Amino acid sequence: MRKTGAQILCESLIKEGVEVIFGILGGCVLPIYDTFPQYPQLRHILVRHEQGAAHAADGYARATHKPGVCIATSGPGATNLVTGIACAYMDSAPMVAITGQVARPFIGKDAFQETDITGITIPITKHNYLVTDVAELARTVKEAFHIARTGRPGPVLIDIPRDVQQETAEFVYPDKVDLPGYKVISRGHPAQIKKAAKLINDAEQPVIIAGRGVIISQAYDELRELAEKAQIPVVHTLLGLSSFPGDHILDLGMMGMHGTGYANMAVQNADVIVAIGMRFDDRATANAAAFAPEARIIHIDIDPAEIGKNVPAHVPVVGDTRSVLTALNQEIEKREHTAWLSQIEQWRNEFRSSEIRPGDELLPQYVVQQIYEATQGDALIVTGVGQNQMWAARYFTYVKLDSLISAGGLGPMGFELPAAMGAKVGRPDEVVWCIAGDGGFQMTIQELATITQENIAVKIAVMDNGYLGMVRQWQELFYGRRYVDTKLWNPDFVKIAEAYDIPGLRVRRREEVMPAIMKAMDYPGAFLIDFLVEPEENVYPIVPPGESLTRFLQPDELRVRGRKA
Ligand SMILES: Cc1ncc(C[n+]2csc(CCOP(=O)(O)OP(=O)(O)O)c2C)c(N)n1
Ligand SMILES: [Mg+2]
């Protein structure tokens, strides 16, 4: 049967199992939108800014492990997606972004709202397409979803000229892709796995670094088996949090610039590191040249380009983490590592950096910890970027697997609200808490309208410190306390919520925290709490730029520990 390009697109999306699309319309996607009513099984969520569409698709993708879909018109619609696409790219979230393009005769003519979006997004997509023939559209969609979801996931963009949306072609959806240049290695090389197993079996002070790759391939059981069988402590990158139960005796929490002192001590003193689905980001390793000087590093990653990129690997294993760990676990011997684990316990006692100061001040750490207490960890946490993000990472215990969504690679402020919205659409039965910065919240605050229009019941905790807090912290510590333009005048967030028909509360004191959280959770819809937290609270420990992981500044005393790695 002949169908229009717009119909072919919709039918193809349905074939790919798409249920939700986030977007905004405009001239060059009108034929697509005009077709939506024929396909009621596709839910379109009208956002208020295309950045919101992209972050929402990303949040949906991370929450469901299915590609998130966003759509925008040509020109400004397409360029507004760019931040969200770059974010999904850096954090390996599967996404298909659809953009309208000006009609073919106008391409290259500087037509109204013409932008070379495939040119712009080359470095931030896994692949992109400009569809110049309607007969190619179905195959293109098939390939786009295949590329987005397989191997190391990521965003793929499809740019479709308006006249291609209107032309007709015979619709046949291919059942296979033919991409000779695109190969995914999922099973690790057996010889490499044997080498890795030998290193692990002989190790005295091993550490596992669990990254987002564990979550992407849902290798939770396999990771746990490895850790428990060989008694290896587990540390996490930011995006690897919730890949292993946060209350497990072997769990050391997050490593890195704002990692716990004991996680960083363990990594720096390890003799063998099993790095799983992580890319040795500079926020995780601190000074890479001084990273874990004694360690033999086993690097397991599906993307061969990550091997040796930032930190040399002694035993690289390219493959899907779940499949590699399954094979590896068969070769692993039971070990105890008593001395090593008791050394780590000692560090745990020495570096009590996660304790919350007693007193009256409303500390952001306390707020996060109370959200944990109220939910007992049975919630999906979506963070902004900055101090709020680090507090969410450090003071919520991720006892539930796959329960944190945070933008680690690009780190765009404004991620929190739309990503939480997408996550809640993806996991409607879970409690979704958006931990927002007061700065970041204002970057995508307009999505409150989407939340109300679509009845998306996210709970929003604004960590209202009246500052671009993380930058203020850097000014305080590294720029002689010169707070240039980090202080924020803020609107009344409770009134703002009210204006969007969302109830809200303001909290100033510790004793108000738990009742407010309970009220938010008891309410059936979206709810906002404006937490007026201590304005100049800092995130500790912090490894100053250029330093090695163990040269972190500690809370009260503000002095460098100065331990030799
Ligand atoms: C889009 C964007 N612009 C600038 C930055 C740089 N930046 C990183 S954290 C931060 C402060 C964020 O302030 P807020 O959202 O209030 O969070 P807080 O650190 O106070 O918790 C800034 C400006 C960024 N990450 N993203
Ligand atoms: Mg702030």
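Above this note sits the structure.
Residues numbered from 1 in each chain as written. Chains lettered and ligands numbered in written order. Predicted model: local features only at pLDDT ≥ 70, side-chain atom pairs only at ≥ 80, totals over all residues. Heavy atoms only, no water.

### Regarding the overall build of the protein chain
Then step 1. Scanning the protein chain for helices and strands turns up 22 helices and 20 strands.
Then step 2. Its C-alpha atoms give the protein chain principal-axis dimensions of about 70 × 60 × 40 Å.
Then step 3. In the protein chain, which comprises 565 residues, the share counted as buried stands at 60%.
Then step 4. Partitioning the contacts of the protein chain with sequence separation of at least 6, the portion at a separation of at least 24 is 75%.
Then step 5. With an accessible surface of roughly 21700 Å², the protein chain has 51% of that area assigned to carbon and sulfur atoms.
Then step 6. Taking the average location of the 54 positive side-chain charges in the protein chain and that of its 68 negative ones, the two points are 3 Å from each other. (Helix = DSSP H or I, 4+ residues; strand = E, 2+ residues; numbered from the N terminus. Buried < 20%, exposed > 50% of the residue type's maximum accessible area, 1.4 Å probe, protein only. Contact = heavy atoms within 4.5 Å. Areas by Shrake-Rupley, 256 points an atom, 1.4 Å probe, with all protein chains shown as cover. Lys, Arg positive; Asp, Glu negative; His and termini not counted. Charge placed at Lys NZ, Arg CZ, Asp CG, Glu CD.)

### Concerning unusual backbone geometry
Then step 1. Residues tyrosine 540 and proline 541 are joined by a peptide bond in cis, for which omega reads -5°.
Then step 2. Mapped onto the elements, proline 541 comes out in the segment after strand S20 (527–532).
Then step 3. Not every positive phi belongs to a glycine, and glutamine 376 is a case in point at roughly 55°.
Then step 4. With respect to the helices and strands, glutamine 376 occurs in the loop between helix H15 (364–375) and strand S15 (380–383).
Then step 5. Notably, aspartate 402 is not glycine yet its phi reads approximately 55°, a positive angle.
Then step 6. Following the sequence through the fold, aspartate 402 ends up in the loop between helix H16 (387–395) and strand S16 (404–405).

### Section: the packing of H15 against helix H22 (residues 510–522)
Then step 1. The interhelical angle for the contact between H15 and H22, taken along N-to-C directions, is 45°, at an axis separation of 10 Å. Relative to H22, H15 is oriented oblique. Our pair here, H15 against H22, has a crossing hand that is right-handed. Here Tyr366, Val367, Gln370, Ile371, Glu373, Ala374 and Thr375 of H15 lie close against H22, whose contacting residues are Arg510, Val513, Met514, Ile517, Met518 and Met521. (Axes fitted to C-alpha atoms, helices over the stretch in contact; angles between N-to-C directions. Parallel < 35°, antiparallel > 145°, perpendicular 65-115°, else oblique. Left-handed = near helix turned anticlockwise from the far one by under 90°.)

### A look at the coordination of the magnesium ion (ligand 2)
Then step 1. In the first shell of the magnesium ion (ligand 2), the protein supplies Asp438 (OD), Asn465 (OD1) and Tyr467 (O), at 2.0 to 2.2 Å from the metal.
Then step 2. All donors to the magnesium ion (ligand 2) come from one chain, and their sequence spacing reads D-x26-N-x1-Y.
Then step 3. On the basis of relative accessibility, which here comes to 8%, the residue asparagine 465 falls in the buried class. (Donors = N, O, S within 2.8 Å, 3.2 Å for Na, K, Ca; no water.)

### Let's talk about the pattern of salt bridges
Any two side chains of opposite charge can pair if their charged atoms end up close together.
Then step 1. Per the counting criterion, the structure on display carries 35 salt bridges.
Then step 2. Across the salt bridge formed by arginine 322 and glutamate 222, the nearest N and O atoms sit 3.5 Å from each other. Taken as a pair, arginine 322 in helix H13 (residues 321–329) and glutamate 222 in helix H10 (residues 220–230) lie far apart in primary sequence, 100 residues in all.
Then step 3. Where arginine 506 meets aspartate 492, a salt bridge forms, and the shortest distance between an N and an O atom there is 2.4 Å. Of this pair, arginine 506 sits in strand S19 (residues 504–507) while aspartate 492 sits in the loop between helix H20 (469–478) and helix H21 (493–499); the two residues are 14 residues apart in sequence, bridging distant segments of the chain. (Salt bridge = Lys/Arg side-chain N within 4 Å of Asp/Glu carboxyl O.)

### Regarding the packing of aromatic side chains
Then step 1. Here the structure, examined in full by the defined rule, presents twelve aromatic pairs.
Then step 2. Consider the rings of tryptophan 474 and phenylalanine 478, whose centres lie 5.3 Å apart with planes at 80°: the pair is edge-to-face. Of this pair, tryptophan 474 and phenylalanine 478 both sit in helix H20, separated by four residues, roughly a single helical turn.
Then step 3. A residue is classified by how much of its surface remains accessible, and tryptophan 474, at 21% relative accessible area, is partly exposed.
Then step 4. With relative accessibility at 28%, the residue phenylalanine 478 sits in the partly exposed group.
Then step 5. Put simply, the rings of Tyr372, Phe396 and Tyr398 pair up and form one aromatic cluster.
Then step 6. Positioned above the aromatic ring of tyrosine 467 is the side chain of arginine 472, whose terminal nitrogen or guanidinium carbon lies 5.4 Å from the ring centre.
Then step 7. The aromatic ring of tyrosine 366 is capped on one face by arginine 510, whose charged end is 5.1 Å from the ring centroid. (Phe/Tyr/Trp six-rings, centres within 6.5 Å; stacked < 30°, edge-to-face > 60°. Lys NZ or Arg CZ within 6 Å of the ring centre and 35° of its normal.)

### Quick notes on the environment of asparagine 264
Then step 1. Note on placement: asparagine 264 falls in helix H11 (residues 261–268).
Then step 2. Between the alpha carbons of asparagine 264 and valine 318 there is a distance of 26 Å; along the sequence they are 54 residues apart.

### Digging into the site of ligand 1
Then step 1. In the region of ligand 1, 18 residues are neighbours, and Gln387, Asp438, Gly439, Gly440 and Gly469 sit closest.
Then step 2. One nitrogen or oxygen atom from the main chain of glutamine 387 is found 2.8 Å from an oxygen atom belonging to ligand 1.
Then step 3. Backbone polar atom of asparagine 388 to an oxygen atom of ligand 1: 2.9 Å apart, as the coordinates give it.
Then step 4. Protein contact buries 76% of the 580 Å² of open area that ligand 1 shows by itself.
Then step 5. At the level of elements, H16, helix H18 (438–443) and H20 are the ones that each hand at least two residues to the shell around ligand 1.
Then step 6. Counted by class, the shell around ligand 1 contains eight nonpolar, nine polar and one charged residues. (Near = heavy atom within 4 Å. Polar contact = N/O pair within 3.5 Å; in protein donor to acceptor, adjacent residues only side chain to side chain. Nonpolar A, V, L, I, M, F, W, Y, C, P; charged D, E, K, R; others polar.)

### Here we look at the side chain of asparagine 264
Then step 1. The class of asparagine 264 is buried, set by a relative accessible area of 0%.
Then step 2. Apart from the residues within four sequence positions on either side, asparagine 264 is in contact with Met255, Gly256, Gly259, Val543, Leu549, Thr550 and Phe552.

### Looking at helix H1 (residues 5–15)
Then step 1. With nine of eleven residues buried, H1 lies mostly within the body of the structure.
Then step 2. For H1, the full list of buried residues reads Gly5, Ala6, Gln7, Ile8, Leu9, Cys10, Glu11, Ser12 and Leu13.
Then step 3. Glycine 17, located one to two residues past H1, shows a positive phi value of around 85°.

### As for the sheet that holds strand S14 (residues 315–318)
The strands making up a sheet are joined through hydrogen bonds of the backbone, oriented either antiparallel or parallel.
Then step 1. Read across the sheet, six strands follow the order S11-S10-S9-S12-S13-S14 without closing on themselves; strand pairing throughout is parallel. What marks the edges here is a single partner per strand, and that holds for strand S11 (251–254) and S14. Going across the sheet, the axis of each strand differs from the next one's by a mean of 15°, ignoring polarity.
Then step 2. In this sheet, strand S13 (residues 296–301) lies alongside strand S12 (residues 272–276) in parallel orientation, the contact comprising five bridges. In the sheet register, valine 274 faces S13, and the bridge partner there is isoleucine 298.
Then step 3. Against the sheet, helix H8 (residues 190–202) makes contact with S12, S13 and S14, and its axis sits at roughly 135° relative to S14, the strand it touches most. (Pairing = 2+ DSSP bridges.)

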